[in-house]
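Chains, contacts and geometry: an overview
Letter by letter, the chains look like this.
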Amino acid sequence: MPELNLTSAPAHLRHGSNIGQPLTRRDGVLKVTGRATYAADNHPPGMLFAVIAVSSIARGRVTSLDVAAAKRHPGVVDVMTPDHKPQLAIDPEIKTNPFVFRMDALHSKEVRYANQPIAVVIAETLEAATEGAALLAPRYETLPPLVGLDAGESFVPPVVGVGNPAESHHGDVEAGLASAEKRIDATYETPPQYHNAMEPHAIVVQWDGDRLSVDMPTQGLMLSLARIAELFGIAHDKIHIRSPFLGGGFGSKGLMGGPPVLGIMAAKLVGRPIKLVLRREQMYGPVGHRAPTRQRLRIGADAEGRLTALDHHARTVSSTFDDFYEPAADASHTLYAAPAIRTSHDAVRVNTGTPLFMRAPGEATGSITLESAIDEMAWACGMDPLAFRLKNYAEVEPMTGRPFSSKALRACYEQGAARFGWAKRSLRPRQMRDDAGLLVGWGMGTATFPALMFQAEARAAIRRDGSGVMEIGAHDMGQGAWTALAQIAADGLGLDVDRVEFKAGTSDLPDAGIAGGSAHTATAGAAIHSAGAAVIARLADLATNDERSPLFGAGNAGVIARDGRLIRRDDESRGESYSEILARAGVAEVEARGTGAPNPAAMEEYAMHAHGAVFAEVKVDPDLGQVRVTRMVGAFAAGRIVNPRMVQSQLFGGMIWGMSFALHEEAITDRRSGRIMNANLGEYHIPVNADVPPLDVITVEEHDPHVNALGIKGVGEIGITGSAGAVANAVWHATGVRVRRFPIQIEELLTQL
Amino acid sequence: MKPFDYVRPATVAEAVAAAALPGAVFLAAGTNLLDLMKGGVSRPDRLVDVTHLDGLDQIERLPDGSVRIGALVSNADLAHDADFARSYPAVAEALLSGASAQLRNAATVGGNLLQRTRCAYFYDTASRCNKREAGSGCDARDGENRSHAVLGWSENCIATHPSDFGVPLIALDAVVEIEGRGGRREIALDELHRLPGDAPERESALEPGDLIVAVRLPPAARAFASHARYLKVRERTSYAFAIVSAAAALRIENGKIAEARLALGGVAAKPWRARAAEDVLRNVAPTADAFQEAAWRALEGAKPSGDNAFKIELARRIVVRALLLAAAGTPARIPALPASPFAATSGAIHA
Ligand SMILES: Cc1cc2nc3c(=O)[nH]c(=O)nc-3n(C[C@H](O)[C@H](O)[C@H](O)COP(=O)(O)OP(=O)(O)OC[C@H]3O[C@@H](n4cnc5c(N)ncnc54)[C@H](O)[C@@H]3O)c2cc1C
Ligand code: SF4
């Protein structure tokens, strides 16, 4: 990989602290000029192309592959099949830890889902490999596939999401419902959705003896490295993974999936470097997705509109061979102060690739239904949806009674509503029209996402020339880690961003933890912050213990680092530069490590969540039923905002995804074959630019002393929550028609308008 | 990819000869054909690239008042030809409502008319499809078919033709000029596409080697310029095919409709001319009631082919709206969101 040359645009001139500055992306110029190397941009000499052949049936066995025909095709070098492949060191079916998911590594001829890899064709050109794959003409023994939310006997999964109990409750829900003055009982459905990152999953692999070099987009360098090490039986230090940029991941590149493993196997088989890139339609199977859900919400409220009970049940699916359960009902744990809350899940097994984390897993699916149901309840109580939410504002976490580490949701409601003009909303639906006669509807939703922390480590150094180094194997998925983490590094080192060599994105750097759970900036940031403090402490030791230094005797606590200098806290005129300190001490650099980790004591004591309030306006053609979103305002409180520009982009992206959830996205599965019929970006609709209305994001000031040293809560996923429900509620408000199946489709409105 | 011959004929005659061989197909911009080839849906032996042929990329005004559009004129160039757009505004609006800007820049007049259906089972080579493989069956019939045909379908195929462009063209009596092995001939656009019947694999009246060289709009087509609209309901604002669309064109004299033209898109295996509806609009005032009546006529005989009964009702409502918009008069400029029901109110600057 060529050295990254991140830009120093004028915007990077430092104005006081780096954290909080809206720096533009430091990798922006590289990206817009096409010089940012994504995994598939690498072409090591002698490289061959590998193309996966996938199953067209969803259940059964592969009985034959015409390997000879594929091999006869000019340019085809080899065909990897269950009968002809390098041996893995361990069975890929073994779950060596809870973050290992079963993958298809050609270890069986059984077919468990459509688009399952069944062979890999390796050729001199992409075209030859592609045609070779077509020539395999697989034959199958086909069994009737299990499809849909009613495919079989349901069962209660042992856990949902990551280790959450499938059922939780507090208070007596049935009694709460029985005593309610008003009740709603509503069932909603959400469809399967696919991550559809712009960049398909890709890997470029080079074996050199038992050393392995990998270019691959990953949201989890170290998890991937460990998985590769165990699958191929090689030591960690023999593996080098580069992942400087991801063209989006959204959870689908978090854990090592089957396709990149097949790339590594293929390279081993033929003894040459390999590039393997998934085709768009192949991303609808082996690399995870958001499972469909059917959710029933029963809510009760008293005569004043106070909740008496909230019961949220979610049915979902997992694959026939592994377990991931979309924890949709858990969205009801934190937001509304019902004296009785019960959440429960059940599931059926279907012939699908295993569902996995997809941006706001559980929170997104649960939020759109919870926010719809809360809206239905508000209407049943004759109350404004915002007033209803305020009436049921949770001062403490409802399920646990713990106080929140911080919660500026009230301010989000206030500021968002003011910016949107919510006060002018008609209580009744179908009251508002625009000049052209279109129905206008206003809806809102509350956003929430837990403030998580994982484990990370960083290495910091200060060099003789006064510059700094910060190393951490962090991941830039497009969210701006190259910039935001460098800002934290710069502050930690007391330097301007451009005086810090910030290294990230490779597996030889300290483990940054997974870039998921909206926790990357917080986790990696905490490690960077502590490594910075540690290296400054070392430097301060050198100075304050040296009689020749103007800082002699100041003691660690007595100096501060600023602008490449250490200065006495009690007398800012006394100080010296980093390079002076190092030169006199005769050392080339000082270094130190720091870690970021959750604080169990604080987590015990406090509930930690980011919050927000999203307001949406839609217009609906009263005759044709066509819906478009015309404006959205989101106000979010997520602790400290490291880079407002990047945070705004994250929240924009989340809000757009929310409207996409409400109105557009759906993988259409053929109920007979289990195949996905719209596995391409032409037919799997996400919003185009012209669908995206003016968006307004407000970041509400929030100071949180408990979540982590920097007070960061994370903004990666929260934008979807609240937004999807706000759009759905706006459609109801425009039309008076409550659609409970998402995405909202024209036929559901048409007949009822 | 499957190897294929690529030939680039120098003349129309050579092109026709080259494409008359079995397994040969014409390649225009390839925005549809190459996708189909990549997916293994089309596996031609020979591509006859017509994009370099001379003289097929002109928009000519003929002395008799008709316009002749070369088959290689790009969708974007045609829509942006100011004189053309003024004379045939519904055609320009339909073009601009199709696909995306990038696709329109490439896509050609001939290719647009001969693009294949978007039926997902046609694209999915593991499914049975009579159109892709004659006699194999139709998996759409009991499958995911909410976007399929409600008019003119048969048990053998329920697919729709996806073109927007063809809809106003058929309403305006467009004529297709064809060069074939037997020389030049012309047919009404209404006769170009075939309904599926018992041979859905035969999609058009073209014989092997037949090249569309031009599409002509007759002199009378201009007379609708001041009352012509295209309306397209789709699930997102751009880069989406119509669920249902309609082209409506009126010639209004002394407050009465002297002549009406109406066609529907997204409802059948061809752009659907609604002549019965046109008839009831002759010599009546352009009122909502008259348009309702026309809408009922237009959908006479419509029946769902699956989970798509809503398309019939939607089509009726679109017909009424398109006629109302046409009666209100062609806007001075094509709206920023062409053919959208939201054209008037959206703040978007383009689709
Ligand atoms: C994602 C996507 C969205 C789209 N959305 C829309 C939409 O909303 N509305 C819409 O109308 N279209 C839409 N399209 C389709 C697009 O308009 C067509 O792909 C395009 O018009 C085809 O033109 P082409 O020149 O690329 O044809 P090609 O792909 O080159 O050819 C298409 C077919 O026509 C034949 N052919 C081409 N020229 C001639 C000729 N002169 N004589 C005889 N045969 C010929 C070819 O052999 C081939 O079978 C969309 C396409 C895509 C990919
Ligand atoms: S509807 Fe027509 S195109 Fe679609 S599968 Fe059936 S035969 Fe094929």
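Being a predicted model, the structure only gives us computed values, none of them experimental.

What chain A contains, in helices and strands, is 16 helices and 29 strands. Its C-alpha radius of gyration of 27 Å places chain A within 12% of the 27 Å reference for a compact globule of 753 residues. Dimensions of chain A, computed from C-alpha atoms along their principal axes, come out at roughly 85 × 75 × 50 Å. Long-range contacts, defined here as pairs at least 24 residues apart, represent 80% of the contacts in chain A between residues at least 6 apart. Charge separation in chain A, taken as the distance between the mean sites of 73 positive and 85 negative side-chain charges, equals 2 Å.

Moving on, we come to the interface of chain A and chain B. How big an interface is tends to be stated in terms of accessible area lost as the parts join. Residue-level contacts link 40 residues of chain A with 44 residues of chain B. Across the chain A to chain B interface the summed buried area is about 3400 Å²; carbon plus sulfur atoms make up 52%. Summed over the shared surface of chain A and chain B, the number is eight salt bridges. Where Glu683 of chain A meets Arg118 of chain B, a salt bridge forms, and the shortest distance between an N and an O atom there is 3.8 Å. Remark: the boundary between chain A and chain B carries 23 residue pairs in polar contact (both at pLDDT 80 or more). Residue assignment for the side of chain A that touches chain B shows that the elements contributing at least two residues are helix 3 (126–135), strand 27 (609–620), strand 28 (627–637) and helix 16 (746–750) of chain A. A per-element tally of the side of chain A that touches chain B places helix 3 of chain A first, with five residues. Broken down by class, the residue content of the side of chain A that touches chain B amounts to 16 nonpolar, nine polar and 15 charged.

All names here are of chain A. What the domain assignment reports for chain A is domain 1 (28–36 + 453–597), domain 2 (40–144 + 195–283) and domain 3 (398–452 + 604–750). With centres defined by C-alpha atoms, the gap from domain 2 to domain 3 works out at 37 Å. Counting from both sides, the interface comprises eight residues of domain 2 and, opposite them, eight residues of domain 3. Surface buried jointly by domain 2 and domain 3 totals about 690 Å² across both partners, of which 65% is contributed by carbon and sulfur atoms. Sorting the residues of domain 2 by area buried against domain 3 places Ser56, Asn196 and Arg280 first, and these three jointly supply 48% of that buried surface. If you look at where domain 2 meets domain 3, you find zero salt bridges.

Once that is clear, we can look at the sheet that holds strand 10 (residues 182–190) of chain A. In any sheet, the strands associate via hydrogen bonds between backbone groups, in a parallel or an antiparallel arrangement. All names here are of chain A. Spatial strand order, 9-17-16-15-10: five strands in an open sheet with mixed pairing. The open sheet has two free edges, formed respectively by strand 9 (168–170) and strand 10, since each of these has just one partner strand. Sheet twist, expressed as the mean angle between neighbouring strand axes with direction ignored, is 10 degrees. Relative to strand 17 (residues 341–350), strand 16 (residues 307–319) runs parallel, the two sharing ten bridges. Pairing of Ser318 across the sheet is with Arg349, part of strand 17. Strands strand 10, strand 15 (293–301) and strand 16 of the sheet are contacted by helix 7 (residues 363–380), whose axis makes an angle of about 150 degrees with strand 10.

Residues and elements named next belong to chain A. All chains considered together, the criterion is met by 93 salt bridges over all chains. Arg738 is the partner of Glu376 in a salt bridge, and the nearest nitrogen-oxygen pair spans 3.8 Å. Of this pair, Glu376 sits in helix 7 while Arg738 sits in the loop between helix 15 (723–735) and helix 16, placing them 362 residues apart in sequence. Among the residues examined, Arg738 registers a relative accessible area of 15% and is labelled buried. Among the ionic pairs, Glu576 bridges to Arg584, the shortest N-O distance being 2.7 Å. Exposure remark for Glu576: the relative accessible area of 3% places this residue in the buried category.

On to the packing of aromatic side chains, then. Residues and elements named next belong to chain A. According to the stated counting rule, one finds 20 aromatic pairs over all chains in the structure shown. Centre to centre, the rings of Tyr38 and Phe245 are 5.7 Å apart; their planes meet at 40 degrees, and the pair counts as tilted. Here Tyr38, found in the loop between helix 1 (28–32) and strand 1 (48–54), pairs with Phe245, found in the loop between strand 13 (239–242) and helix 6 (258–270); they are 207 residues apart in sequence, far enough to count as distant. With relative accessibility at 1%, the residue Phe245 sits in the buried group. Between Phe250 and Trp657 the ring centres are 4.9 Å apart and the planes differ by 85 degrees, which places this aromatic pair in the edge-to-face class.

Once that is clear, we can look at a nonpolar patch on the surface. Side chains of Phe99, Val162 and Leu223 of chain A sit close together on the surface and give an oily, nonpolar patch of about 240 Å² of accessible area. Looking at where Leu223 of chain A falls in the secondary structure, it is placed in helix 5 (residues 221–232).

All right, on to the site of ligand 1 then. Residues and elements named next belong to chain B. Inspection of the region around ligand 1 gives 31 residues, with Phe26, Gly30, Thr31, Thr108 and Asp164 positioned closest. Note that an oxygen atom of ligand 1 is positioned 3.0 Å from one of the backbone N or O atoms of Ala29. Here an oxygen atom of ligand 1 sits 2.7 Å away from a polar atom, N or O, in the main chain of Gly30. Out of a free accessible area of 980 Å², ligand 1 has 94% covered by protein chains. At the level of elements, helix 2 (33–38), helix 7 (109–114) and strand 8 (211–217) are the ones that each hand at least two residues to the shell around ligand 1. The element best represented in the shell around ligand 1 is helix 7, accounting for four residues. Its residues assigned to classes, the shell around ligand 1 comprises 15 nonpolar, eleven polar and five charged.

Criteria and cut-off values
Sequence positions are assigned chain by chain, starting from 1 and proceeding in written order. Chain letters start at A and ligand numbers start at 1, both assigned in the order the entries are written. Selection of residues for local features in this predicted model requires a pLDDT of at least 70, selection of side-chain atom pairs for listing and counting requires 80 or more, and totals for whole chains, interfaces and linings are taken over all residues. Just so you know, side-chain values use all the structure's heavy atoms and leave hydrogens and water out. The helix count covers DSSP runs of H or I at least four residues long, the strand count covers runs of E at least two residues long, and both are numbered beginning at the N terminus. Computation of the radius of gyration draws on C-alpha atoms, with the globule rule given as 2.2 Å multiplied by the number of residues to the power 0.38. Pairs of residues are marked as contacts when any of their non-hydrogen atoms sit within 4.5 Å. Under this rule, positive means Lys or Arg and negative means Asp or Glu; His and the chain ends count for nothing. All charge positions are set by atom: Lys at NZ, Arg at CZ, Asp at CG, Glu at CD. Once two parts are joined, some of their accessible surface, as seen by a 1.4 Å probe, is lost; buried area is that loss totalled over both. Any carboxyl oxygen of Asp or Glu within 4 Å of a side-chain nitrogen of Lys or Arg constitutes a salt bridge here. Here a polar contact is recorded for every N or O atom pair within 3.5 Å, except that within protein the pair must consist of a potential hydrogen donor and a potential acceptor, and residues adjacent in sequence are included only if both atoms are side-chain atoms. The nonpolar class holds Ala, Val, Leu, Ile, Met, Phe, Trp, Tyr, Cys and Pro. Asp, Glu, Lys and Arg form the charged class, and all remaining residues, Gly among them, are polar. Domain delimitation in this document rests on an assignment produced automatically or drawn from a domain database. Strands pair, by our definition, only if DSSP identifies at least two bridges between them. Angles shown run from 0 to 180 degrees and are taken between the N-to-C directions of axes, each axis being a line fitted to C-alpha atoms and, for helices, limited to the stretch in contact. The cut-offs for exposure are 20% and 50% of the maximum accessible area for each residue type, with area from a 1.4 Å probe on protein chains only; residues under the lower value are buried, those over the upper are exposed, and the others partly exposed. Pairing of aromatic side chains requires ring centres within 6.5 Å, counting the rings of Phe and Tyr and the six-membered ring of Trp. Pairs whose planes differ by under 30 degrees are stacked, by over 60 edge-to-face, and all others tilted. Only residues whose relative accessible area exceeds 30% and that form no salt bridge enter a patch; like-charged residues are grouped when within 9 Å of one another, and nonpolar side chains (Val, Leu, Ile, Met, Phe, Trp, Tyr) when within 5 Å. Exposure was quantified through the Shrake-Rupley algorithm and a 1.4 Å probe, taking into account, for residues, occlusion by the shown protein chains and nothing else. For each residue, the test is whether any non-hydrogen atom lies within 4 Å of the molecule or strand; if one does, the residue is near.

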